[in-house]
Structure formats: C-alpha cells, structure tokens
Amino acid sequence: MARPPPPRPPRAPPPPGRPRPPPSSPWRLDPHTTGPGAHHHPEDDVFLVTEGTMSFLIDDRWDDAPVGTFVLVPGGTTHDFENRSDAPAAVFTIATPGNFERSMPAIVDWFRDHPPGAAPQPDGTNL
C-alpha cells in the first residue's frame, strides 16, 4: 500500500533574504502496489529511488527505475509511479518551487478515500 507522509506543521519562514527550501516527502510502496494515479501539477518533481525498483509514467511512457535513479518530471507533465516488483520500493520526492506542502492534508485525505490497488504485472495482468 502507498504510504503518503503524515501532514507536517508549516515550516517557520526562512530568515530574511534566504530562500525557502522546496518541500520534500518520502514514499514507500509495498510490492505490486499502485501509486497516486496519473496526474499533473505546476511544480517540477524530482524523485530519487531509495529502495527497490519503482516504475514511472512520464507522459505516455512507463519506465522502470532501480535504486539510485533520479527522475525529473517537469511541471505540467502527466506522471505517476507504482511498484510493479516483488519487493518493496521507495522514493524521496522534492517538488519545486515550494508551497506544495499546503496540499499534503488533501493528498492524505485522497489516499484514505482511494486506497491503492494492485499494480500490473510485466505481462499486463493484475494480481
């Protein structure tokens, strides 16, 4: 199952003249688990695969990304991720520019109401 991070309290503003860091979040998916579903937003997303192999949809193409892979999704691009493998997979995500963290409570609510399903197998079937 996809586990979005719990909502965090807003960060304190940075000191005057210093830019605010972009929001970040870890995601860990159990084997054969879908992610958030195809979506797009104005922010750029940068993913670092930290465990296993995560499958990414960018526009209309799926690619597998093993641990250590960086994936850049430009803002406005349709994208998704899921774990199609037999082992857990995890990514660390950074969205830029900032202020995306304001969306996290709604994202947590969405996942509560729309739990992830089974990811397709390499042959295109679901478990």
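Details of the structure are given in the entry above.
Residues numbered from 1 in each chain as written. Predicted model: local features only at pLDDT ≥ 70, side-chain atom pairs only at ≥ 80, totals over all residues. Heavy atoms only, no water.

Q: What am I meant to see in the sheet that holds strand E4 (residues 53-58) here?
A: In any sheet, the strands associate via hydrogen bonds between backbone groups, in a parallel or an antiparallel arrangement. Reading across the sheet, the 4 strands line up as E2-E7-E4-E5 and stay open at both edges, with antiparallel pairing between neighbours. For this open sheet the edge positions go to strand E2 (33-34) and strand E5 (61-66), each flanked by a neighbour on one side alone. The pairing of E4 with E5 spans 6 bridges and is classified as antiparallel. Paired with Phe56 across the strands is Asp63, a residue of E5. (Pairing = 2+ DSSP bridges. Helix = DSSP H or I, 4+ residues; strand = E, 2+ residues; numbered from the N terminus.)

Q: Help me out: how do you make sense of the nonpolar core in this one?
A: Soluble globular proteins: nonpolar side chains tend toward being buried together. Among the nonpolar cores identified, the biggest contains 12 residues, and these are Trp27, Leu29, Phe47, Val49, Met54, Phe56, Ala65, Val71, Val73, Phe81, Ala89 and Val91. If you list the elements that add at least two residues to this core, you get strand E1 (24-29), strand E3 (44-51), E4, strand E6 (70-73) and strand E8 (89-96). (Core = buried A, V, L, I, M, F, W, Y, C linked by side-chain atoms within 4.5 Å. Buried < 20%, exposed > 50% of the residue type's maximum accessible area, 1.4 Å probe, protein only.)

Q: Can you walk me through the packing of aromatic side chains in this structure?
A: How two aromatic rings sit relative to each other is set out by the distance from centre to centre and by the angle between their planes. Within this structure, the stated rule accounts for 4 aromatic pairs. Judged by centre distance (6.2 Å) and plane angle (45°), the ring pair of Phe56 and Phe81 falls under tilted. Of this pair, Phe56 sits in strand E4 while Phe81 is found in strand E7 (residues 79-83), placing the two residues 25 residues apart along the sequence. Assessed through its relative accessible area of 3%, Phe56 is described here as buried. Through a chain of ring-to-ring contacts, three or more aromatic side chains come together here, namely Trp27, Phe47, Phe56 and Phe81. (Phe/Tyr/Trp six-rings, centres within 6.5 Å; stacked < 30°, edge-to-face > 60°.)

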